[in-house]
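What the coordinates show
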Amino acid sequence: MKSIFRSIFHIDHIIISALTICVIGLLVLVTVNLEFLNPVVRAMEGFSMTDIYYRIQHSGNPSVNQQITLVDMTELSARDRDKIAKVVQEISELNPTVLGVDIIFENLKENEESDEMLVDAFFNAPENTVLTYKLTEPDVKSKTFTSAVHSFFVEYTHQSEGTCNVVNSPYRSMSTYPTYFMQNGDTLFSFPVVMARKLGVSIPQKKDFIINYKGTVFPVVKWNEIGQHKDLIENRIVLLGAMNEESDKHQTPLGQMAGMEILAYALLSIIEGDHVFEAPFIVYLLWALLAGWMANVIDLTITKRLEARKSTLILFILKSGLYSRFVSFFILALFTYVSFWLFTHYDYDLSSVLALATAVLIGEGRLLYTAFLSVLKRKGFKIWEKSIYAKTL
């Protein structure tokens, strides 16, 4: 019993796991610094376990959200400000809890009457209306913006504003949303955050937060069908904007998605408190060490048992290394399941990428470790005798 316990909890397993992680780190370092491997780097940057988890959640029958409604006005152009004004009036009369307008009306148009109608519509809109604006002319040195584009009538109305700027890598899906930007010492909150504040919801403390693309879909009402869907407007959060503009499409864990729909998921993440918590690096590292430890313990145990058999079939399995592939697959399945369970039940993002890589490449770590032991043996150090691999040297 004592020998079994010693075999399972021997420090060799942790050392081998650590060496395997070092090998992985070296491979990543080489990949990042070699120009011809840039496509590989981009592919690695774009891969996220959370993307897979979100797709699994949406592969069934996602629920229809009962809090947020999207009003699509893709068919309307900038010239249709009179129609947009009527849409804003219709929505306002149905008393939504918050109305977010994801449109920037930059300049006055030739039709003064339609501009006046638009100004009147927003002037008479309730105070729970939130407009959007865009920060422009970024200053790279100070990491701020020097200018902004607002709707032309914002000075004449009493509505709040939120920035629509996002910060995202072109090689990965949009998984986070900025909470605020800083400009000349001022804190400029983002569009979904300002909407959440209108609801009295506390905002995330970080500069950006992870969007929880939970298993829900938002009802969409066309701009000219509001009267037929009053139940989807009254006492609900309403987002008004375009759902089918190619220029406002972004890559997300669920595929291409309209900017307004991403705003809905970001807002929902805040108001429901469904923030996804990223595991710190130390937990990420310990998770990988555990995977390597399990893979090496199982591999060692199976190897010892198989070596005691005299069967030709067993000899073939042992020499082919086929059993090690099954061990790796078992570790992959187990750690992926646990990570998915933590993600779906506790919104805890414990990525298993490093853990899975450690389990798969544990053989390389083992070879490296036995090579070190061989060197120690040749140099006359006795420490190699305490290793569980001493008999194989």
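Heads up: the structure comes first, above all this text.
Every chain's residues receive numbers from 1 upward, in the order its sequence appears when written. Thresholds applied to this predicted model are a pLDDT of at least 70 for local features of residues and 80 or more for the giving and counting of side-chain atom pairs; totals over whole chains, interfaces and linings are not thresholded and use all residues. Remark: hydrogens and water are excluded; side-chain values derive from all non-hydrogen atoms of the structure.

**Things to note about the packing of aromatic side chains**
The condition is simple: Pairing of aromatic rings covers Phe, Tyr and Trp, the last counted by its six-membered ring, and requires centre-to-centre distances within 6.5 Å; plane angles under 30 degrees mean stacked, over 60 mean edge-to-face, and any other angle means tilted. By definition, any uninterrupted DSSP run of H or I lasting at least four residues is a helix, any uninterrupted run of E lasting at least two residues is a strand, and each is numbered from the N terminus. Only protein chains enter the accessibility calculation, which uses a 1.4 Å probe; a residue is then buried when its area is under 20% of its type maximum, exposed when over 50%, and partly exposed in between.
Tallied over the entire structure, the rule returns 10 aromatic pairs. Consider the rings of Phe105 and Phe153, whose centres lie 5.8 Å apart with planes at 40 degrees: the pair is tilted. Within this pair, whereas Phe105 is found in the loop between β3 (98-101) and α6 (112-123), its partner Phe153 is found in the loop between β5 (144-149) and β6 (160-163), the two being separated by 48 residues in sequence. For Phe153, a relative accessible area of 0% gives the class buried. Summarising the aromatic geometry, the rings of Phe281 and Tyr284 are spaced 6.3 Å apart at their centres and angled 55 degrees between planes, so their arrangement reads as tilted. Placement of both Phe281 and Tyr284 in helix α9 (residues 281-307) is noted, with a separation of three residues, approximately one turn of the helix. Judged by its relative accessible area of 58%, Phe281 falls in the exposed class. A residue is classified by how much of its surface remains accessible, and Tyr284, at 23% relative accessible area, is partly exposed. The structure contains a cluster of three or more aromatic residues connected by ring pairs, namely Phe105, Phe122, Phe152 and Phe153.

**Quick word on the pattern of salt bridges**
Where we set the bar: Here, a salt bridge means any Lys or Arg side-chain nitrogen found within 4 Å of an Asp or Glu carboxyl oxygen.
Following the criterion strictly, the structure yields four salt bridges and no others. The residue Arg81 makes a salt bridge to Asp115 at a minimum N-O spacing of 2.8 Å. Of this pair, Arg81 sits in helix α5 (residues 81-93) while Asp115 sits in helix α6; the two residues are 34 residues apart in sequence, bridging distant segments of the chain. Take Arg81 and Asp115: they sit in the same class, and that class is buried. In this structure, Asp299 and Arg366 form a salt bridge, with 3.3 Å as the shortest nitrogen-oxygen distance. Note that Asp299 is positioned in helix α9 and Arg366 in helix α13 (residues 362-378), a separation of 67 residues in sequence. One exposure class covers both Asp299 and Arg366, and it is buried.

**Quick look at the side chain of Ser151**
This is how the line gets drawn: In this analysis, two residues are considered to be in contact whenever any of their non-hydrogen atoms come within 4.5 Å of each other.
Secondary-structure assignment places Ser151 in the loop between β5 and β6. Residues in contact with Ser151, not counting those within four places in the same chain, are Ile103, Ile104 and Phe105.

**Considerations on the environment of Val297**
For Val297, the position within the fold is in helix α9. Under the relative-accessibility criterion, Val297 is labelled buried at 11%. Val297 sits 288 residues away from Phe9 along the chain, and the two C-alpha atoms are 8.4 Å apart. Those residues within four positions of Val297 in sequence are excluded, and the remaining contacts are Ile8 and His13.

**Here's the deal with the environment of Ile84**
Note on placement: Ile84 falls in helix α5. Judged by its relative accessible area of 2%, Ile84 falls in the buried class. Each C-alpha atom of the pair Ile84 and Leu240 lies 9.7 Å from the other, and the pair is 156 residues apart in sequence. Dropping the residues within four chain positions of it, Ile84 is found in contact with Met73, Leu76, Ser77, Phe105 and Leu118.

**Some remarks on unusual backbone geometry**
Negative phi values dominate among residues other than glycine, just as trans dominates among peptide bonds. Residues other than glycine seldom take positive phi values, yet Asn95 does so here, at roughly 55 degrees. Residue position: Asn95 is located in the loop between α5 and β3. For Asn235, which is not a glycine, the phi torsion comes out positive at approximately 55 degrees. Positionally, Asn235 belongs in the loop between β12 (220-222) and β13 (237-241).

**Considerations on the side chain of Thr216**
Note the cut-off: Under the rule applied, a polar contact is a pair of N or O atoms within 3.5 Å (in protein, one hydrogen donor and one hydrogen acceptor; residues adjacent in sequence only if both atoms are side-chain atoms).
Looking at the secondary structure, you find Thr216 in strand β11 (residues 216-217). A distance of 3.0 Å separates the side chain of Thr216 from the backbone oxygen of Ser63, its partner in a polar contact. In this structure the side chain of Thr216 is engaged in a polar contact, spanning 3.4 Å, whose partner is the backbone nitrogen of Asn65.

**Some details on a negative patch on the surface**
Rules: Within the patch definition used here, like charges are joined within 9 Å and nonpolar side chains (Val, Leu, Ile, Met, Phe, Trp, Tyr) within 5 Å, considering only residues with over 30% relative accessible area and no salt bridge. The accessible surface values rely on the Shrake-Rupley method and a 1.4 Å probe; as for residues, cover is taken only from the protein chains in view. Counting rule for charge: Lys and Arg are taken as positive, Asp and Glu as negative, and neither His nor the chain ends is counted. By convention, charge coordinates are those of NZ in Lys, CZ in Arg, CG in Asp, or CD in Glu.
There is a patch of like negative charges on the surface, built from Glu112, Glu113, Glu116 and Asp120. Locating Glu116 in the fold gives a position in helix α6.

**Overview of a nonpolar patch on the surface**
A contiguous nonpolar surface patch, about 380 Å² in accessible area, is contributed by Tyr337, Trp341 and Tyr346. Structurally, Tyr346 can be placed in helix α11 (residues 322-346). In this structure Tyr346 comes out as exposed when scored by relative accessible area, which is 52%.

**A short note on the environment of Phe181**
With respect to the helices and strands, the residue Phe181 is situated in strand β8 (residues 180-183). Using a relative accessible area of 8% as the deciding quantity, one classes Phe181 as buried. Distance from Phe181 to Phe145, taken between C-alpha atoms, is 8.7 Å for residues 36 residues apart in sequence.

**Here's the deal with helix α8 (residues 259-271)**
Test applied: The span one expects for a helix is its residue count, reduced by one, times 1.5 Å.
The terminal C-alpha atoms of α8, which comprises 13 residues, lie 18 Å apart, in line with the 18 Å expected from a rise of 1.5 Å per residue. Taking burial as the measure, the 13 residues of α8 include 13 buried ones, the bulk of the element. At the C-terminal side of α8, Gly273 shows a positive phi close to 70 degrees.

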